[in-house]
Amino acid sequence: MFGQLSLNSLRHELIIHQMPTQARASAKKPKERRALTPMPTVELVFFQDTPHGSGQQVPVPVHLLKRYILLASLVEADTGAEIELLSDGATDVLSGASVSSVFFTYADGRAPRAFFACPDLGVRVIGIVRVKFTLTAVGSYGHHVCAEVLSQAFDVVGSASYGGVENATPLTRTLAGHGVHARTGNRTAPARSAVNVLSVSRPPRRNAREDRPRLRRAPRILHAPQPRYPSSPDALARTLACTAPSLAPNSVVAMVHVGQPWYTGGECAS
C-alpha cells in the first residue's frame, strides 16, 4: 500500500510529549554527565494533506519507519542560534547520545505509534536554552531532512540550585518496557547542598580506634604434655641413678629400642 513515493508525499510532523522545565548542568567528564529528566520524548506522525483543508492522520507500517532518525541540537532560547561547543572550542555542549532511532509502542486494537527518546541526553552550559529536534530519512539515495521542531525554553542550573530529580512519568515507563534504557526509579533525589551533611549531623571522630570493634581472641587449646625421653645414654644412666639408687650391684638394665634411634623406654631386671 505504501511505497517510497507515497511516504514522501505525506507530511511529517513531530510532537514533543515531555521535556524538562529545569535541568542540572553536566560536567566535562563523560562519567559525570547528568541526563535530562523527564526524558525528552518526541512522536512522529504522518498526515495526508487535502485541497479542502487540514490533512488527516495516516497510519504507516512499522517496516517503513525504521529509516528515520532524530538528531538533537542545542540552540539559544532568544535568537535560535545553534550552540555546538563550549568556550574551550573542543567540548560539545551536549553530553550523552544526541541521535535516537525509532521505538514503537503497541496497544490493543490500535496502530503502533513511533517515538524517539533521548534517555541520557545532558547539557553542559548554564542558562536558558532550547533543544531542536531534526527528523532525517536515511536511504540508499542519501538522506534528507523531513521535519524540525523546537522545544520550550528551560533553565539549566548548577547542582546547588537544582530542585531534584523527578519521578518517572507513565510515558517513560511505557517506553522502558519497549526497549528504551530509561530511569524508572521512584525515589526523588534532593538538591545537593554546599555543606557536608556528615559535618552537620555529628562531630568528626577524634580517634578511629575508639569506634573500631575489638576482636575477641580465640581460646587457647591446652595440649597434654609430651613425655620427655633422655637425649643420650649418659643422660639415661644419670636418670636411672637418681630414680633407682638402690639397685643391686649385679642388676642388668635392659634397653628396648622402639621409637628413638637408641631408646624409647627401659626397664630394670635383676
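Residues numbered from 1 in each chain as written. Predicted model: local features only at pLDDT ≥ 70, side-chain atom pairs only at ≥ 80, totals over all residues. Heavy atoms only, no water.

## A closer look at the nonpolar core
Working step 1: By size, the foremost hydrophobic cluster in this structure holds 38 residues, and its most contacted members are Leu44, Tyr68 and Phe154.
Working step 2: Sorting the residues of this core by element identifies strand E3 (41–50), strand E5 (68–76), strand E8 (99–105), strand E9 (113–117), strand E11 (127–139), strand E12 (142–150) and strand E13 (154–157) as the ones contributing at least two each.
Working step 3: Among the elements that make up this core, the one with the highest residue count is E11 (5 residues).
Working step 4: Among all residues touching Tyr68, those that are not within four sequence positions of it are Leu7, His12, Leu44, Phe46, Ser101, Val102, Phe116, Leu135, Thr136, Ala137 and Cys146. (Core = buried A, V, L, I, M, F, W, Y, C linked by side-chain atoms within 4.5 Å. Buried < 20%, exposed > 50% of the residue type's maximum accessible area, 1.4 Å probe, protein only. Helix = DSSP H or I, 4+ residues; strand = E, 2+ residues; numbered from the N terminus. Contact = heavy atoms within 4.5 Å.)

## Concerning the pattern of salt bridges
Once their charged atoms are close, side chains differing in charge can pair, the charge on each being opposite to the other.
Working step 1: Within the structure shown, the criterion is met by 3 salt bridges.
Working step 2: A salt bridge links Lys28 to Asp88; the shortest N-O distance between them is 3.6 Å. Of this pair, Lys28 sits in the loop between strand E2 (22–24) and E3 while Asp88 sits in the loop between strand E6 (82–83) and strand E7 (94–95), placing them 60 residues apart in sequence.
Working step 3: Between Arg113 and Glu43 there is a salt bridge; the shortest N-O distance is 2.9 Å. Taken as a pair, Arg113 in strand E9 and Glu43 in strand E3 lie far apart in primary sequence, 70 residues in all.
Working step 4: Accessibility expressed as a relative area gives 6% for Glu43, which makes it buried. (Salt bridge = Lys/Arg side-chain N within 4 Å of Asp/Glu carboxyl O.)

## Side note on the environment of Ala97
Working step 1: You can see Ala97 is positioned in the loop between E7 and E8.
Working step 2: Counting along the chain gives 21 residues from Ala97 to Cys118, while the straight-line C-alpha distance between them is 6.9 Å.
Working step 3: Apart from residues no more than four positions distant in its own chain, Ala97 is found in contact with Cys118, Asp120 and Leu121.

## Considering the pairing of E5
Working step 1: In terms of strand pairing, E5 meets E11 through 9 bridges, oriented antiparallel. Its bridge partner being in E11, Ser73 is matched across the sheet by Lys132.
Working step 2: As paired strands, E5 and E8 are joined by 3 bridges and run antiparallel to one another. Residue pairing in the sheet places Leu71 in a bridge with Val99 of E8.
Working step 3: As paired elements, E5 and E6 share 2 bridges and run antiparallel to each other. When the sheet's bridge partners are listed, Val75 is paired in E6 with Glu82.
Working step 4: Connecting E5 to the antiparallel partner E6 that follows it, the hairpin turn spans 5 residues, and Gly80 within it adopts a positive phi of roughly 80°. (Pairing = 2+ DSSP bridges.)

## Points about the environment of Val125
Working step 1: With respect to the helices and strands, Val125 occurs in the loop between strand E10 (122–123) and E11.
Working step 2: Along the backbone, Val125 and Val93 are 32 residues apart, and their C-alpha atoms lie at a distance of 6.3 Å.
Working step 3: In contact with Val125, not counting residues within four places along its chain, are Ala25, Leu74, Leu86, Val93 and Val156.

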